[in-house]
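Geometric and topological summary
Spelled out from the first residue to the last, the chains are:
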Amino acid sequence: MADETSDGVELVGVQVNEDTCIGAGQCEMLEEDTFYVDDDTVIAGVIGTGMLPRDRAQKVVDTCPSRAITIVEPAAEEEQ
Ligand code: SF4
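Analysis parameters
- Residue positions are given per chain, counted from 1 along the sequence in the order it is written.
- Under the rules for a predicted model, residues below a pLDDT of 70 receive no local features and side-chain atom pairs below 80 are neither given nor counted, while totals for whole chains, interfaces and linings still include all residues.
- Three exposure classes are used, all based on how many other C-beta atoms lie within 10 Å of a residue's own C-beta (placed from the backbone): buried at 20 or more, exposed at 12 or fewer, and partly exposed between those limits.
- Secondary structure follows DSSP: runs of H or I at least 4 residues long count as helices, runs of E at least 2 residues long count as strands, and numbering of each begins at the N terminus.
- What makes two strands pair is DSSP finding at least two bridges between them.
- In this analysis a residue is considered near a molecule or strand if the C-beta atom, reconstructed from its backbone, is found within 6 Å of that molecule or strand.
- Each residue gets one of three labels, nonpolar for Ala, Val, Leu, Ile, Met, Phe, Trp, Tyr, Cys and Pro, charged for Asp, Glu, Lys and Arg, and polar for the others, Gly among them.
- The term nonpolar core means buried Ala, Val, Leu, Ile, Met, Phe, Trp, Tyr and Cys residues held together as one set by C-beta atoms within 7 Å.
- Each residue gets a C-beta atom placed from its backbone, and two residues are in contact if those atoms lie within 7 Å.
- Think of each axis as a best-fit line through the C-alpha atoms, taken over the contacting stretch in the case of a helix, with angles from 0 to 180 degrees between the N-to-C directions.

Describing the pairing of strand β1 (residues 11-16)
Every second residue of β1 is oriented toward a common face, the buried set being Val 12, Val 14 and Val 16 and the non-buried set Leu 11, Gly 13 and Gln 15. Of the strand pairs in this sheet, β1 and strand β4 (residues 51-53) are connected by three bridges, and their pairing is antiparallel. What sits directly across from Gly 13, in β4, is Met 51. Inspection of the sheet shows β1 paired to strand β5 (residues 69-72) by four bridges, in the antiparallel sense. Counted as the bridge partner of Val 14 is Ile 71 from β5.

With respect to the site of the ligand
The immediate surroundings of the ligand are formed by 16 residues, with Cys 21, Ala 24, Cys 27, Ala 44 and Cys 64 found nearest. Mapped onto the shell around the ligand, the elements with two or more residues apiece are α1 (26-30) and β2 (35-37). Split by residue class, the shell around the ligand holds twelve nonpolar, four polar and no charged.

Some details on the nonpolar core
Core analysis: the largest hydrophobic core is formed by 13 residues, its most contacted members being Cys 27, Val 60 and Ile 69. Elements with a minimum of two residues in this core: β1 and α2 (54-63). Sequence-distant contacts of Cys 27, that is, excluding residues within four places in its chain, are made with Phe 35, Ala 44, Val 60, Cys 64 and Ile 69.

Thoughts on the sheet that holds β4
Strand pairing in a sheet is mediated by backbone hydrogen bonds. Such pairs are either parallel or antiparallel. Strand order in the open sheet formed by three strands is β4-β1-β5, with antiparallel pairing between adjacent strands. The sheet is open, and its two borders are formed by β4 and β5, each paired with just one other strand. Along the sheet, successive strands turn relative to each other by an average axial angle of 45°, direction set aside.

Describing unusual backbone geometry
Of note in the backbone geometry, Val 42 takes a positive phi value of approximately 55° without being a glycine. Summarising the element assignment, Val 42 is placed in the loop between β2 and β3 (44-46). The exposure class assigned to Val 42 is exposed, which follows from the 12 C-beta atoms found within 10 Å.

Some words on the environment of Thr 41
Residue placement: Thr 41 occurs in the loop between β2 and β3. When the 11 C-beta atoms within 10 Å are taken as the criterion, Thr 41 is described as exposed.

This is the structure:
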C-alpha cells in the first residue's frame, strides 16, 4: 500500500548520507519536524516518521548543498 496522507498526498521517505552532510542546516530550516542537525557532530539526521510529501522532499533534496539527502521510494507493492 502506498503511503499517503488523509488528503491523498503521496509520501516518500528521506534519508541523510552522514558521510557527505556538511551540517549546513538547510534541511532543518525547511523541515524542522523531519531533520535535525546534531549539535555535537554537526551532522543531520532524520527524526519523526522520516516521511514527507514528495514535492517537499524534493525541495529539501534540491536545497542540500552537499547533495546528502536522498528520497527513499515506498515499497512498490502496488504496481499498476
Ligand atoms: S542540508 Fe544537507 S548538508 Fe546541510 S545539514 Fe542538511 S543534509 Fe547536511
